[in-house]
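Structural overview for review
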Protein chains: 2
Amino acid sequence: MFDFDKLDKLIHEKSRLAIMTLLAARSEWRFQDLKSETGMSDGNLVTHLRTLFKAGYVSITKEMEKRPQTKYALTESGRTAFENYLEILEQIVNSSKKPETD
Amino acid sequence: MFDFDKLDKLIHEKSRLAIMTLLAARSEWRFQDLKSETGMSDGNLVTHLRTLFKAGYVSITKEMEKRPQTKYALTESGRTAFENYLEILEQIVNSSKKPETD
DNA sequence: TCACTTTACTTTGTATCGCAAAGTTAGTGC
DNA sequence: GCACTAACTTTGCGATACAAAGTAAAGTGA
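Because the structure is a prediction, the values reported are computed rather than measured.

1. Describing the overall build of chain A
- Helices and strands together make up the secondary structure of chain A, namely four helices and three strands.
- Each helix and strand of chain A, placed in order from N terminus to C terminus, yields the pattern α-β-α-α-β-β-α.
- Across its three principal directions, the C-alpha atoms of chain A cover 65 × 25 × 20 Å.
- Expressed as a percentage of contacts within chain A between residues at least 6 apart in sequence, the contacts between residues at least 24 apart total 54%.
- Accessible surface, chain A as shown: approximately 5,900 Å² in total, 46% of it carbon and sulfur.
- Both charge centroids of chain A, one from 16 positive and one from 16 negative side chains, sit 9 Å from each other.

Here is the structure:
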């Protein structure tokens, strides 16, 4: 069996999994783009981003071009955590596709 | 992007994911074996199993050989739900391994 | 027979968390 | 100054995971 406890709880949550997947696919995201892509409310999104930020998984860059703009990106540690998470997912997927004979 | 909303909330939860993975790998499980394998408390385990049962994902069979024994198994619908769930996981894993250039 | 154990379940209480809605702050353009 | 927007913060609700303790029913051992 896998160590399901190793499934990073911070990532293993639909909303944050969506965010992490987005962040992993592109180097940088503006708040508004994340918002429209995920369809989350401001408060909800910002809370999840802060959670990921506190964990060190996401970096926050504030800029002031025309309007205030905040950009979010994966940190190294975030990418590592995400990759580890994906590895466990992969194991689950693979093993369940080829069930062991008992 | 994937439809993360399609990630079956009943399955996408560490404890129940563990249970579903076990149930998918073997045709039948006794309560005690699930308990020792997952390390969960009675109350917690039975609650998760009942949740899955209510969703129609798990069947419960009560027997009386020596001690009372309850056996749990995946239903057809449970297996389907699990496979659908795995499919989304797989998409996430695959896409994140080969990130699209933006 | 009676105490004890085991299985499987219920109840209770706590702590956490997702989420929406509404309010807040600060900058921009007119 | 006023409307508008970005990006928060606050508040409150509802759901839920989980542990711990209690319960019921059946078997076992003395």
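2. Structural notes on the packing of aromatic side chains
Residue and element names in this part refer to chain A.
- The final tally for this structure, using the stated rule, is two aromatic pairs over all chains.
- Between the aromatic rings of Phe31 and Tyr72, the centroid separation amounts to 6.2 Å while the plane-to-plane angle is 45°, which identifies the pairing as tilted. Pair noted here: Phe31 is in helix 2 (residues 31-38) and Tyr72 is in strand 3 (residues 67-74), with a separation of 41 residues, a long-range link.
- The class for Phe31 is buried, based on a relative accessible area of 13%.

3. Thoughts on the interface of chain B and chain A
- Contact residues are listed per partner, giving 30 residues for chain B and 30 residues for chain A.
- Counting the contacts that link chain B with chain A gives zero salt bridges.
- Scanning the region where chain B abuts chain A turns up two residue pairs in polar contact (both at pLDDT 80 or more).
- At the level of elements, helix 1 (14-25) and helix 4 (76-97) of chain B are the ones that each hand at least two residues to the side of chain B that touches chain A.
- The leading source of residues in the side of chain B that touches chain A is helix 4 of chain B, at nine residues.
- Across the side of chain B that touches chain A, the residue classes break down as 16 nonpolar, four polar and 10 charged.

4. Focus: the protein's contact with DNA strand D
- The immediate surroundings of DNA strand D are formed by 22 residues, with Arg50(A), Lys62(A), Thr70(A), Tyr72(A) and Lys66(B) found nearest.
- Backbone atoms, meaning sugar plus phosphate, form 79% of the atoms of DNA strand D positioned within 4 Å of the protein.
- Within the residue set of the surface near DNA strand D, elements represented by two or more residues are helix 2, helix 3 (42-54) and strand 3 of chain A together with helix 1 and helix 3 (42-54) of chain B.
- Broken down by element, the residue count for the surface near DNA strand D peaks at five residues, all from strand 3 of chain A.
- Here the surface near DNA strand D is composed, by residue class, of five nonpolar, nine polar and eight charged.

5. A look at the relation of the copies chain B and chain A
- Mapping chain B onto chain A calls for a screw motion: a turn of 180° about the axis and a shift of 0.0 Å along it, with 0.0 Å RMSD after fitting. The transformation just described matches what one would write down for a two-fold rotation axis.
- By residue overlap, the copies meet face to face through one surface: 100% of the interface positions of chain B are interface positions in chain A.

6. Notes on the pattern of salt bridges
- Applying the stated criterion across every chain yields a total of seven salt bridges over all chains.
- Between Asp42(A) and Lys35(A) there is a salt bridge, with the nearest N and O atoms lying 2.7 Å from each other.
- Its relative accessible area of 41% is what places Asp42(A) among the partly exposed residues.
- Judged by relative accessible area, Lys35(A) falls into the partly exposed class, the value being 25%.
- As a salt-bridge pair, Lys71(B) and Glu28(B) come within 3.9 Å of each other at their nearest N and O atoms. With Lys71(B) in strand 3 (residues 67-74) and Glu28(B) in the loop between helix 1 and strand 1 (29-30), the pair connects residues that are 43 residues apart, well separated along the chain.
- Its relative accessible area of 36% is what places Glu28(B) among the partly exposed residues.
- What you see here is one network of salt bridges that share partners, running through Glu28(B), Glu63(B) and Lys71(B).

Cut-offs used in this document
Numbering of residues starts from 1 in each chain and follows the order in which that chain's sequence is written. Each chain gets a letter, beginning with A, and each ligand a number, beginning with 1, in the order they are written. Confidence filtering applies because this is a predicted model: local features only for residues at pLDDT of at least 70, side-chain atom pairs given and counted only at 80 or more, and all residues used for totals across whole chains, interfaces and linings. Side-chain measures were taken over the full set of non-hydrogen atoms in the model, leaving aside hydrogen atoms and water. Put simply, DSSP marks the helices as runs of H or I at least four residues long and the strands as runs of E at least two long, and each gets a number from the N terminus on. Contacts between residues were defined by any pair of non-hydrogen atoms, one from each residue, lying within 4.5 Å. For the accessible areas, the method is Shrake-Rupley and the probe is 1.4 Å, while residue cover comes only from the protein chains on display. Positive charge is attributed to Lys and Arg, negative charge to Asp and Glu, and no charge count is given to His or to the chain ends. Every charge is mapped to an atom, namely NZ of Lys, CZ of Arg, CG of Asp or CD of Glu. Side-chain rings of Phe, Tyr and Trp (the six-membered ring for Trp) are treated as a pair once their centres are within 6.5 Å; stacked means planes under 30 degrees apart, edge-to-face means over 60, and tilted covers the remaining angles. Categorising residues by exposure relies on relative accessible area from a 1.4 Å probe, with only protein chains included: less than 20% of the type maximum marks a residue as buried, more than 50% marks it as exposed, and the intermediate range marks it as partly exposed. The working definition used for a salt bridge is a side-chain nitrogen of Lys or Arg within 4 Å of a carboxyl oxygen of Asp or Glu. Counting of polar contacts relies on pairs of N or O atoms within 3.5 Å, with two restrictions inside protein: one atom must be capable of donating a hydrogen and the other of accepting it, and residues adjacent in sequence are counted only when both atoms are side-chain atoms. By the convention adopted, Pro, Cys, Tyr, Trp, Phe, Met, Ile, Leu, Val and Ala count as nonpolar, Lys, Arg, Asp and Glu as charged, and the other residues, Gly among them, as polar. Throughout, near means a residue has at least one heavy atom within 4 Å of the molecule or strand. Copy-to-copy superposition: least squares on the C-alpha atoms, limited to residues that have pLDDT of at least 70 in both copies.

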